[in-house]
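Coordinate analysis (summary)
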Amino acid sequence: MTTAPTLIRFSSPSGADRYLLGHPLLDRYLEFVAGRARPNTLRAVAFDLKAFFSVIDKDPVDVVAADVFDFLAHQRGDRKVVRMADRESGVSARTLARRLSSLSGLYAYLMARGDTTLRSNPVPRGLATRSGGRLRMAPLVRVPRTLPKILAPGEADALLSALRRHRDRAMVLAMLLGGLRRCEVLGLRLQDVRVGDRALFVNEGKGGHQRVVPVANPFFTAVGDYLRTERPKDAGTDRVFVVLKGPRRGRPLSAEGVDEILAGARVRGRLEHATCHELRHTCFTRLREAGMALEAVQAQAGHRSIESTRVYLHLTNDWLAGEYHRASGLIDRATRELTAMQEVTA
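Conventions adopted
Residues numbered from 1 in each chain as written. Predicted model: local features only at pLDDT ≥ 70, side-chain atom pairs only at ≥ 80, totals over all residues. Heavy atoms only, no water. Pairing = 2+ DSSP bridges. Helix = DSSP H or I, 4+ residues; strand = E, 2+ residues; numbered from the N terminus. Salt bridge = Lys/Arg side-chain N within 4 Å of Asp/Glu carboxyl O. Buried < 20%, exposed > 50% of the residue type's maximum accessible area, 1.4 Å probe, protein only.

Turning next to the pairing of strand β2 (residues 17-20). With 4 bridges connecting them, strand β1 (residues 8-11) and β2 associate as antiparallel partners. Among the inter-strand pairings, Ser 11 is bridged to a residue of β2, identified as Asp 17. Count of turn residues in the β1/β2 antiparallel hairpin: 5 residues, of which Gly 15 carries a positive phi of about 95°.

Printed below as a string of structure tokens:
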């Protein structure tokens, strides 16, 4: 590419967000992703490809593995300043791994098309290393397993108090009380709100999976107030959450719109953190603390594997301590019984 790509967002006839980067192959790939992935995935891929080709100023078919390593070095920064959380500089390892995955997906698509000069995917699958006499592939980016952040009860109250509209309160409560992802909140349709059952039908879950999740009454109070007093009567969509003013009034709210709402609420509430995913993590942590079975938390979260749910065992305040004291008590009792037996036989 002769110039840095410019990311253009526009709305399709159905109102869905679409993206262009100004190069035929990249735009075709984004069109392909839009047809098979969720809005969040499409958005991430578009931004990831823009990041790569803003650094590597080449036509996509001219990219080689050395360019990928140059991109990695650029994204990691100069390490003069590192984050306390993971002792890394530049973008986080998780973001960098996702960008490599997006790039690898692009080249898998271009190779499948078969109408370019590409003969192999320039994104290495890893680095060959030998361990214990066996050859294995080490990942280019090691993503640390870190515990997600959650909101304390006071922080959650401060966030809710800082929200100015019923719409915004309903969206936050869907994440905080129901554990919905941001894309799942934005994907809700009017018929998905099952007031009688006090539940939400999640039609656009991660990976295309559907589920029905119960949600506490405060959400239904907030969404009812929003539908009665704020949502435009002439909205041209069945999506629950829409833009309330401006040229896009009545159109589906975007992910950027939700992030902007939360950013303003964090400032007003004087909060250092409160992202959509932290609201979701807070929900499952509190449910687990209240004694909800891990399998039930898994179903509420929409996790395909219970291994993804086990992280909430480590976030609860009393689970680890309770398990430790229970086991420690058993050890102490067994030790006392053994000592008593030894004294009798002595």
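Turning to the pattern of salt bridges, a few remarks are in order. Taken as a whole and assessed by the stated rule, the structure comprises 16 salt bridges. The partner of Asp 48 in a salt bridge is Arg 99, and the shortest N-O contact between them spans 3.5 Å. With Asp 48 in helix α2 (residues 39-55) and Arg 99 in helix α4 (residues 93-113), this residue pair connects regions lying 51 residues apart in the sequence. A single burial state applies to Asp 48 and to Arg 99, both of which are buried. Connected through salt bridges with shared partners, the residues Arg 9, Arg 43, Arg 182, Glu 256 and Asp 259 form a single ionic network.

Here the focus is the sheet that holds strand β6 (residues 199-202). With antiparallel pairing, the 3 strands of this open sheet are ordered in space as β5-β6-β7. The sheet terminates laterally at β5 (193-194) and β7 (211-214), the two strands that pair on one side only.

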